[in-house]
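So you can see what is in the structure, the chains are spelled out below.
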Amino acid sequence: MRFRWVWLFVIILLLVGCKPSYWVLEKDRIGEGSPDLEIYANYLQIHDDVKGYQVFTILEGRKMVIVSLGSSEKEKKLEVSDVKYSPKETIVTVKRKPAPKANEKNPFILIGLDKIEGDLIVQDESGDRFEETDYQQ
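Summarised in this report is the structure supplied together with it. None of these values were measured; they are calculated from a predicted model.

Quick notes on the sheet that holds strand E5 (residues 89-98)
- Taken together, four strands build an open sheet; the order of strands is E4-E5-E7-E8 and the sheet is mixed. At either margin of the open sheet sits one strand with a lone partner, and together these are strand E4 (76-85) and strand E8 (129-130).
- Examined bridge by bridge, strand E7 (residues 119-124) and E8 share two bridges and lie antiparallel to one another. By the bridge assignment for E8, Val-122 is matched with Phe-130.

Rendered as structure tokens:
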């Protein structure tokens with residue numbers, strides 16, 4: 001009986017340690033991260049040709065990556081496919097999906113990261129990379 005409790009405890013510890021190192025912030029909660037996030041989201045809707053990503057520092061040194069598609073893909077939405085870390089790079093992979101209703105001039109996603117190790121690479125599932133935008137914070 002004691003052996004089962006030990007294994008249960010070990011499994012619980014492993015599950016707690018396997019939490020994802022990223023999250024997606026809902027757009028209606030954008031003001032909770034940083035005022036800069038809301039300003040940039042509004043900028044993307046005004047400048048709907050902006051395609052790429054921008055990194056912001058939010059609470060406790062965490063990072064927020066905003067990836068936008070540009071108006072040419074306004075019928076799409078983005079989802080996170082994967083986030084991989086290595087000492088040399090952090091790779092964020094997103095996938096495009098059809099949007100049930102196109103309600104944004106420039107679709108974007110807010111991806112929170114606990115950390116960025118090495119170079120940041122943002123790409124789609126085909127391996128096509130997004131470039132960092134030239135937005136000045």
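As for the nonpolar core
- In this structure, Tyr-53, Val-65, Val-67, Val-92, Ile-111 and Val-122 are the most contacted members of the largest nonpolar core, which totals 16 residues.
- Those elements that place two or more of their residues in this core are strand E2 (52-57), strand E3 (63-68), E4, E5, strand E6 (108-113) and E7.
- For Tyr-53, the residues in contact, after removing those within four places along its chain, are Val-65, Ile-66, Val-67, Leu-120, Val-122, Phe-130, Glu-131, Glu-132 and Thr-133.
- One finds Ile-30, Leu-37, Ile-58 and Met-64 within the second-largest nonpolar core, a separate group that totals 14 residues.

Points about the pattern of salt bridges
- By the definition in use, this model includes 10 salt bridges.
- For the salt bridge of Arg-96 with Glu-73, the shortest nitrogen-to-oxygen distance reads 2.7 Å. With Arg-96 in strand E5 and Glu-73 in the loop between E3 and E4, the pair connects residues that are 23 residues apart, well separated along the chain.
- Assessed through its relative accessible area of 28%, Arg-96 is described here as partly exposed.
- Of the residues examined, Glu-73 reaches a relative accessible area of 15% and is grouped as buried.

Observations regarding the side chain of Thr-133
- Within the fold, Thr-133 resides in the segment after E8.
- Given the relative accessible area of 12%, Thr-133 is considered buried.
- Reaching out from Thr-133, the side chain makes a polar contact with the side chain of Tyr-40 at a distance of 3.3 Å.

A few points about the pairing of E7
- With respect to burial, E7 is a largely interior element, five of its six residues being buried.
- The loop that links E7 with its antiparallel partner E8 comprises four residues; one of these, Gly-127, has a positive phi angle of about 95 degrees.

Observations concerning the layout of surface pockets
- Looking at the largest pocket, its volume works out to about 290 Å³.
- For the largest pocket, the lining is made up of 15 residues, of which Lys-27, Lys-77, Asn-103, Glu-104 and Phe-108 are closest to its centre.
- Breaking the lining of the largest pocket down by element, the ones donating at least two residues are E4 and E6.
- For the lining of the largest pocket, the element with the highest residue contribution is E4, accounting for four residues.
- Counted by class, the lining of the largest pocket contains seven nonpolar, one polar and seven charged residues.

Rules behind the numbers
Residues numbered from 1 in each chain as written. Predicted model: local features only at pLDDT ≥ 70, side-chain atom pairs only at ≥ 80, totals over all residues. Heavy atoms only, no water. Pairing = 2+ DSSP bridges. Helix = DSSP H or I, 4+ residues; strand = E, 2+ residues; numbered from the N terminus. Core = buried A, V, L, I, M, F, W, Y, C linked by side-chain atoms within 4.5 Å. Buried < 20%, exposed > 50% of the residue type's maximum accessible area, 1.4 Å probe, protein only. Contact = heavy atoms within 4.5 Å. Salt bridge = Lys/Arg side-chain N within 4 Å of Asp/Glu carboxyl O. Polar contact = N/O pair within 3.5 Å; in protein donor to acceptor, adjacent residues only side chain to side chain. 1 Å grid on protein atoms, 1.4 Å probe; cavity = no way out; pocket = protein on both sides within 12 Å on 5 of 7 lines; lining within 4 Å. Points joined across faces, edges and corners; volume = space filled by probe spheres on them. Nonpolar A, V, L, I, M, F, W, Y, C, P; charged D, E, K, R; others polar.

Limitation: the analysis is restricted to geometry and does not speak to function.
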